[in-house]
Amino acid sequence: MVTGTGRCGTSAFMRFVGEYRGDDVVSFHETSEPWRNTSNYWNPEANAGIEYVIDRDSSDGDVANSPYILKDTRLCHSLGGILRARILRVDHLFILIRDYRKSAMSRQKRGMWFTDSGPVRCADERKSPLRNQIEFNQRVVGVLMETVAEHDVPHTVLHFPTFMQDGDYLFRKLRGTPLETDRETVGRASGVFDMDQISF
């Protein structure tokens, strides 16, 4: 599983993984229309997508048909419920982290505020939308890390944009995980990274 606050490189990471594990991720389709499973598509305006949503309300079919490697930013707060309900087992969780303010500013730039999801709500009218977004980002990562600790979820934390800029860093971080591969493959698959998007 792959998650993060959003605007922190999760989509770029999924495109990278798809370069050498394509059969294990959702297909890449450049369209603004989502499939039935919420958002396993690519939205060129948001420069994001490749998600597959599993939560406590997922049908047996959604769970059975889920790819081995799935990404959803909502896992930050929904993973605990998924694990408590034993909907599926998590072999490994990749948590992508970016400077909270920068990820919030990316949402501000696109008018993509996301401050109310699951048990986490940051909509204090006394604060600016940007401040609410920063605090939401911080709180959902806190919720996620409590879930990881409580359920002893195997995990790897990746920093954005470091994993895009430094192939040796990415190679080392993948070592010992289900996504481990050789340096040559990391270098080849990294060719999908668009460095112009680092400041998006």
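Structural data are supplied above this passage.
For the structure given in this document, a descriptive report is provided here. Since the structure is predicted, the reported quantities are computational estimates derived from the model, not experimental observations.

1. Thoughts on the pattern of salt bridges
Turning to step 1, where the next piece is worked out: For the structure on display, the rule yields 9 salt bridges.
Turning to step 2, where the next piece is worked out: For Arg-21, the salt bridge is made with Asp-24, and the minimal N-O distance between the two is 2.8 Å.
Turning to step 3, where the next piece is worked out: Asp-24 gets classed as partly exposed once you look at its relative accessible area, which sits at 21%.
Turning to step 4, where the next piece is worked out: In this structure, Arg-74 and Asp-72 form a salt bridge, with 2.8 Å as the shortest nitrogen-oxygen distance.
Turning to step 5, where the next piece is worked out: Residue classification places Arg-74 among the partly exposed residues on the basis of a relative accessible area of 24%.
Turning to step 6, where the next piece is worked out: Connected through salt bridges with shared partners, the residues Glu-51, Lys-71, Asp-72 and Arg-74 form a single ionic network.

2. Quick notes on the pairing of strand β4 (residues 93-97)
Turning to step 1, where the next piece is worked out: Across the 5 residues of β4, 4 count as buried, placing the element largely inside the fold.
Turning to step 2, where the next piece is worked out: The pairing of strand β1 (residues 2-4) with β4 spans 3 bridges and is classified as parallel. Among the inter-strand pairings, Thr-3 is bridged to a residue of β4, identified as Ile-95.
Turning to step 3, where the next piece is worked out: The pairing of β4 with strand β7 (residues 155-159) spans 5 bridges and is parallel. Residue Ile-97 lies in a different strand from β7, and its bridge partner there is His-159.

Calculation criteria
- Residues numbered from 1 in each chain as written.
- Predicted model: local features only at pLDDT ≥ 70, side-chain atom pairs only at ≥ 80, totals over all residues.
- Heavy atoms only, no water.
- Salt bridge = Lys/Arg side-chain N within 4 Å of Asp/Glu carboxyl O.
- Buried < 20%, exposed > 50% of the residue type's maximum accessible area, 1.4 Å probe, protein only.
- Helix = DSSP H or I, 4+ residues; strand = E, 2+ residues; numbered from the N terminus.
- Pairing = 2+ DSSP bridges.

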